[in-house]
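Remarks on the overall topology
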Amino acid sequence: MNIIKRNEEEINKLREAGKLVGLTHKYLQQFIKPGITTKELDLLAKKFIESKGCTCSFEGLYGFPGSICISINDEVVHGIPSHRKIKEGDILKLDIGACFEGYHGDSAWSYIVGEPNNDKDVKLLKETEEALFAGLAAIHDGCYVGDIGHAVEKVAHKYNLGVVKELVGHGVGDKVHMDPDVPNYGKERKGPILHTGNVIAVEPMLNLGTANIYQLDDGWTIKTQDGKNSAHFEHTVLVTDDGYEILTRRDVELDPEDKIKEA
Ligand code: MG
Ligand code: MG
């Protein structure tokens, strides 16, 4: 397996792509309100990303019919933007990829639309985010990919959440999906070894119920088998000597012209 070590020039491009992904999340968050359609969110993302001189990584990727993936409630990932409206209390998952000068960033985040339907959903989001950061905390020069999955799985088990196994994190670089696979389960000191300069996406997909999933007839949308809700959190990170650098940072500031005025 060839896990590519990125040079400084490539890393700077990956930083730019990642920064725009973080900004796009921040930009779209302003529009997450009951009544907006997922297609409207998709078009807003596309316009925003292209206005910053980048392209949408997922647009047309393997034939995907959208610019970003938008999944709701029991949909795990790969939801196709459409004319359905989001509703109060929905769990909305935005999976955004942007490409800058040939290099990608990839980050998914889960949001509750307006007021949550129940505490279970709020906890699911908090715990899945915790699993993401537990996975990231296992990363440093010389770590094993299995260390990451093990750390994610430990949090999932602590909270009795289903771990989706069929879909995994991945290397990121001049393609959005590269070696290695980064599963959300695994054994410590197993799997490929990561080194400083590698770039990967860690992305736990955790379910309130069963880990089992199925694909809709649309050929894309992945849902939980039992219809219970699912959450998805993802960052693209650079492996460093003693840890990791988040490339798809969320503590980024929108330009004033990208902020919408409150009505
Ligand atoms: Mg993603
Ligand atoms: Mg990904």
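Notes on the structure follow. (Residues numbered from 1 in each chain as written. Chains lettered and ligands numbered in written order. Predicted model: local features only at pLDDT ≥ 70, side-chain atom pairs only at ≥ 80, totals over all residues. Heavy atoms only, no water.)

On to the packing of aromatic side chains. Applying the stated criterion across every chain yields a total of four aromatic pairs. Between Tyr 27 and Phe 48, the aromatic rings sit 4.3 Å apart at their centres with planes inclined by 10 degrees, giving stacked as the arrangement. Highlighted residues: Tyr 27 in helix H1 (residues 8-29) and Phe 48 in helix H2 (residues 38-51), separated in sequence by 21 residues. The burial state of Tyr 27 is the same as that of Phe 48; both residues are buried. On the numbers, 5.1 Å between centres and 85 degrees between planes, the contact of Phe 64 with Trp 220 is edge-to-face. Linking Phe 64 in the loop between strand S1 (55-56) and strand S2 (69-72) with Trp 220 in the loop between strand S11 (213-215) and strand S12 (222-224), this pair joins segments that are 156 residues apart in sequence. Taken together, Tyr 27, Phe 31 and Phe 48 form an aromatic cluster joined through their ring pairs. The lysine or arginine in question, Lys 165, covers the ring of Tyr 185, its NZ or CZ lying 5.1 Å from the ring centre. Above the ring of Trp 109, the side-chain terminus of Arg 250 is found at 4.0 Å from the ring centroid. (Phe/Tyr/Trp six-rings, centres within 6.5 Å; stacked < 30°, edge-to-face > 60°. Helix = DSSP H or I, 4+ residues; strand = E, 2+ residues; numbered from the N terminus. Buried < 20%, exposed > 50% of the residue type's maximum accessible area, 1.4 Å probe, protein only. Lys NZ or Arg CZ within 6 Å of the ring centre and 35° of its normal.)

So, about the packing of helix H3 (residues 119-137) against helix H4 (residues 145-158). Two elements in contact, H3 and H4, have axes whose closest approach is 7 Å; the angle formed by their N-to-C orientations is 155 degrees. Taken together, the axes of H3 and H4 are roughly antiparallel relative to one another. Judged by the sense of rotation from one axis to the other, the crossing of H3 with H4 is right-handed. Facing Glu 127, Glu 130, Ala 131, Ala 134 and Gly 135 of H3, the residues of H4 in contact are Ile 148, Ala 151, Val 152, Val 155 and Lys 158. For the contact of H3 with H4, the per-class residue count stands at six nonpolar, one polar and three charged. (Axes fitted to C-alpha atoms, helices over the stretch in contact; angles between N-to-C directions. Parallel < 35°, antiparallel > 145°, perpendicular 65-115°, else oblique. Left-handed = near helix turned anticlockwise from the far one by under 90°. Contact = heavy atoms within 4.5 Å. Nonpolar A, V, L, I, M, F, W, Y, C, P; charged D, E, K, R; others polar.)

Attention shifts here to unusual backbone geometry. Where the residue is not glycine, phi is negative for most of them; where a peptide bond is considered, it is trans in most cases. Of note, the amide linkage connecting Asp 179 to Pro 180 takes the cis form, showing an omega dihedral of 0 degrees. As for its position among the elements, Pro 180 is in strand S8 (residues 178-182). Unusually for a residue other than glycine, His 78 sits at a positive phi of about 65 degrees. Tracing the sequence through the fold places His 78 in the loop between strand S3 (75-77) and strand S4 (91-100). Phi at Arg 189 is positive, roughly 60 degrees, even though this residue is not glycine. Here Arg 189 lies in the loop between S8 and strand S9 (199-202). Given a relative accessible area of 61%, Arg 189 falls into the exposed group.

So yeah, pure geometry; function would need other evidence.
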